[in-house]
Structure formats: structure tokens, C-alpha cells
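Architecture at a glance
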Amino acid sequence: DTGVHMFATGASGPHGQVARELGVPQTWLVKDPSEALWMNEKGFSYLNQKLMSFPSFKENINAVLTGKLRIKIANTLRRSLKNLGFFGLLQEIRKLATGEERFIERYDDMVLRDFLLQFTDDENVHRAMNCLSMLLLVVPYTKSSAGEFIYVVSEIFKKGTLGVPKGGAVGVPHSFLRAFRRDGGLLKTGVMAKEIIVKDGKVRGVLGSDGVEYKADVVISNAGLKKTMELARLKNFPSEYVEYVKSLKLSYSWIATKIALCRKVMNLRAPSFFPIPRVEPEKIFTYCDEPGGLPGDPFLFVPIPTAWDKTLTSCGRELIICGVPTSNEVDQEERSQKMLDIAEEKLFSFFPEIEKNILWKSRITNKDTNKITRKGTGECIGLAQIPGQVGAKKPHPKTPVDGLFVVGCDAGARGVGTEQATLSGMLVANLVG
């Protein structure tokens, strides 16, 4: 896994749907509970995907009663009723649970923090939701779109198939490539796209780093909207479109340490771990925007690949990925290494046995992300899922250049990370086909 992953809707989401339609189904692994949450010194709370099931309901109520999840229920109910009324609150809850399209669109241009304040000012709720926003959308809740967040969370709980592919994240592209090659596709590796060739307002092909012009009537670029426009030369686009694309904001990023252990030490019921920082909610991720800023108490995303899939290792060994959020800047390598030092120190404070049983460690930073995407930036999603850049205001996959399309997280779809990208692929396939 290059990066730090879980897949929000797994087999029921875009990855699984495309694989089934192509006739190359993947094997997906699902666990319940799927997350171990640490809110305070009372211990772990476990989150189930099937929120309405009796075991999940019982566990969540028990977490509140024992203090593992501290929620000011009276405060939340009073504030919700004051702002929405009794029947209004019931309607909002129903629409939240079902993720109705019109309901989501109503909140596309509101930031998540302001949406939550309609219901509660409970700091624990706001801490958790800010962390969840950074985890799912890679944007803090002071900036992320409430509509996009509602869509993502409702899809997770409606489908209840959050998980990972057997064999690791590489299983997703491998399944697509099997169908691509089966149907006559040619994958050319080791050749970089140097220029998208445009003549008389129409795309003509791609110039490769090998000096060959690959002629085509249609070019579909996954290089991101900003980079695609550069490759096709700014002069070939209307000036207002150029300024529009330049104004679009990028997501934040995650960096990570991968750790291999000689034995299993993460004795949790869930295959992932999320410690919520004890920081004022709105300030959890402010360090990301500060030059050289470092987190005092970082939010960690810690999936345990071998807890999902025991075939990934042998002899009782264990794999852990410890991720921490950061800005999208590429030139911050020294800062990134310091962040990962802090992240590991916090992880070891919860599980001291990790440090004593390490076989090897490797790290991935924004520098490595840029080596993969070649965008010149370190964001791990693409365009930020913020008001003005989601839903109806998301950039369209079809560019002003005839025959040139953009695919991926910058174009036309909703969702979490790679799932959003695959959903965009489905949309572009229909537009081109």
C-alpha cells in the first residue's frame, strides 16, 4: 500500500461495481467493528458499520455510559430542538441517514463545522468530526463541504462494507488492468506524457518522453486538472477557464510510517485505530497551515493490514501503517520526518511493545507522493472537497479543448479518495463512449 488506506464502501462501492461489470471481481475483506476509537483515558470505544443493529446500538450506548464516548446529550438535544424544532429534527435525522440528494445539495456550500453547530457545540463531537473530515476528505472541518461529508458518511453506513481488497490496495488497479488487457488495451509504462498535443482547438494525441507522438482523437488525463491544462498549453484554453482552474484549491495530505513487527502486539478487536487529540476542535489541524508547524498532539490514522488480511505476512508477524495529516507542500522533507517522529512516539505511548518488536520501518512523505503523481504538489487527493468545488460546482470532466477529458478526483464525482476517482471514471466512460 503506497500511502495509508481503508476503502469506505469496498465491494459495494465504485471499485467493486466496476470490477463486477468488467467481469473481474475482487475479493474484499470486511470487519465489524471496523475502528477502535480513543477519546480519553477511559479506554477504547469500538465503532460498528451497522449502526442500527442491536449489537452496535448496545456497544455505543455502553461507551457513552462508561464515559469512553463523552457526549453532552442534553446540550445537543436542546440546541437541535431550538434550531430545527421537533419535527424538523426528525426530518434532518432521516435525511442524514438516507443521504437524500436534495438534502446533500442544500449543504454543499456550507462548511461542516457550521452544519454541526446547528445541532451541538459539544467539543468531543466537534473533535471527532474534524478528525473524521480530515480522514475521509483530507480537509479540516472548518473548510470541508458539509454536503460532501454527509454524502460520504451516509454511503458508508448504508452499504456497511468498509474494507480492503484481499492482498492489499493494489488489488483494485490490478483487477481493472486484467479487464483492460483482456479487451485489447495496451499499457505503456516508463514513458512520461510530456505534452498533450492540441491543434485548431482539438486534441491530436500525446507526446511521450520517448519522443513518440501517440495520436488520438480523445485524450483522458488523470494528471489532475491543473497539470492537464499545463500539458495541453494554457494558450489553448479560454482565459476565463485558465483563471478558474488556477483558483481551485487542493486537498491536504497524509504522510505515513509503515512498520513490520516480528510478532503481533496490536491486540484490538478492530483492524484500525484512531486516537482523537485533546486539542481545541478548531485547532487540531492548524499546524498544517503554519510554516514549519508541528502537531503537539497529532491525529493518527492507524490501519493494521494484517488484522484485515492474515495472508499478508507469515509466522505471526504484523504490519502497521501509522499516518498523520500535513499540508500539500512538496518541499518540507525535514518537517515531514519530524512529524512522523512525533506520530510514532504517540503510537508507541499507546502500544509500547511495538517499538520493542520492529523488524523494519519505511516512510512515505509528500516528496514520494509527488514522484508518483508528478504534479509538482504533494496533495494525496486532488481538488479539495470544499464549498464551491463539490456537487454541481465540481469541475466537469470535459474541458474546453475538443476531445480532452479529465478523470479522477478533480472531475465530476463525489466520494472518498480513490472511490471518487473510480466513480469519475464511470462518468467519463459514459461521456466518451
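Because the structure is predicted, anything quoted here is derived from the model rather than measured.

Now for the side chain of serine 221. Looking at where serine 221 falls in the secondary structure, it is placed in strand 8 (residues 219-221). We classify serine 221 as buried; its relative accessible area is 6%. Of the polar contacts made by the side chain of serine 221, one reaches the side chain of threonine 228; its length is 2.6 Å. Leaving out residues up to four positions away in the same chain, serine 221 has contacts with Ile196, Thr228, Phe405, Val406 and Val407.

Glancing now at the confidence of the model for the chain. In the predicted model, the chain carries a mean pLDDT of 88, and 88% of its residues have values of at least 70. The low-confidence segment residues 52-66 (pLDDT under 50) makes 16 contacts with residues lying over four places distant or belonging to another chain.

A few words on the layout of surface pockets. Space inside the second largest pocket adds up to approximately 300 Å³. Together, 16 residues line the second largest pocket, and Lys264, Thr306, Ala307, Lys310 and Glu318 are the ones closest to its centre. Of the residues in the lining of the second largest pocket, the class split is six nonpolar, four polar and six charged.

All chains considered together, the criterion is met by 24 salt bridges. Linking glutamate 155 and lysine 159 is a salt bridge whose minimum nitrogen-to-oxygen distance equals 2.4 Å. With glutamate 155 and lysine 159 both in helix 8 (residues 146-159), this residue pair falls four residues apart, about one helical turn. The partner of glutamate 353 in a salt bridge is arginine 263, with the nearest N and O atoms 2.9 Å apart. You can see glutamate 353 sitting in helix 14 (residues 353-356) and its partner arginine 263 sitting in the loop between strand 9 (253-261) and strand 10 (272-275), a full 90 residues away along the chain.

To continue, consider the sheet that holds strand 9. Sheet architecture is open: three strands sit in the order 12-9-13, paired in antiparallel fashion. The sheet terminates laterally at strand 12 (318-326) and strand 13 (358-364), the two strands that pair on one side only. Neighbour-to-neighbour, the strand axes of the sheet open up by a mean angle of 15°, direction not taken into account. Sheet topology places strand 9 next to strand 13; six bridges connect them, and they run antiparallel. Across the sheet, alanine 256 pairs through a bridge with isoleucine 364, a residue of strand 13. Relative to strand 9, helix 15 (residues 366-373) is tilted by about 105°, and along the sheet it contacts strand 9, strand 12 and strand 13.

So, about a nonpolar patch on the surface. Residues Val218, Ile220, Leu431 and Val432 make up a contiguous nonpolar surface patch of about 280 Å² in total accessible area. Checked against the element boundaries, isoleucine 220 lands in strand 8.

Let's shift gears to the packing of aromatic side chains. Inspection of the entire model under this criterion finds 13 aromatic pairs. Where phenylalanine 273 meets phenylalanine 350, the ring centres are 5.1 Å apart and the plane angle is 75°; that geometry is what we call edge-to-face. Of this pair, phenylalanine 273 sits in strand 10 while phenylalanine 350 is found in helix 13 (residues 333-350), placing the two residues 77 residues apart along the sequence. A residue is classified by how much of its surface remains accessible, and phenylalanine 273, at 0% relative accessible area, is buried. Aromatic side chains phenylalanine 273 and phenylalanine 351 sit 5.3 Å apart centroid to centroid with 85° between the ring planes, which places their arrangement in the edge-to-face category. Of this pair, phenylalanine 273 sits in strand 10 while phenylalanine 351 sits in the loop between helix 13 and helix 14, placing them 78 residues apart in sequence. Members of the aromatic cluster, connected to one another through ring pairs, are Trp254, Phe274, Phe285, Phe299 and Phe301.

The three strands are arranged 5-6-7 in an open sheet whose pairing can be described as antiparallel. Two strands bound the open sheet, and with one partner strand each, they are strand 5 (193-199) and strand 7 (213-215). Adjacent strand axes in the sheet meet at a mean angle of 30°, parallel and antiparallel pairs treated alike. Where strand 6 (residues 202-208) lies against strand 7, three bridges are found, and the strand directions are antiparallel. Opposite leucine 207, over in strand 7, you have glutamate 213 as the bridge partner.

The rules we used
Residues numbered from 1 in each chain as written. Predicted model: local features only at pLDDT ≥ 70, side-chain atom pairs only at ≥ 80, totals over all residues. Heavy atoms only, no water. Helix = DSSP H or I, 4+ residues; strand = E, 2+ residues; numbered from the N terminus. Buried < 20%, exposed > 50% of the residue type's maximum accessible area, 1.4 Å probe, protein only. Polar contact = N/O pair within 3.5 Å; in protein donor to acceptor, adjacent residues only side chain to side chain. Contact = heavy atoms within 4.5 Å. pLDDT = per-residue confidence, 0-100. 1 Å grid on protein atoms, 1.4 Å probe; cavity = no way out; pocket = protein on both sides within 12 Å on 5 of 7 lines; lining within 4 Å. Points joined across faces, edges and corners; volume = space filled by probe spheres on them. Nonpolar A, V, L, I, M, F, W, Y, C, P; charged D, E, K, R; others polar. Salt bridge = Lys/Arg side-chain N within 4 Å of Asp/Glu carboxyl O. Pairing = 2+ DSSP bridges. Axes fitted to C-alpha atoms, helices over the stretch in contact; angles between N-to-C directions. Patch = residues over 30% accessible without salt bridge, like charges linked within 9 Å, V, L, I, M, F, W, Y side chains within 5 Å. Areas by Shrake-Rupley, 256 points an atom, 1.4 Å probe, with all protein chains shown as cover. Phe/Tyr/Trp six-rings, centres within 6.5 Å; stacked < 30°, edge-to-face > 60°.

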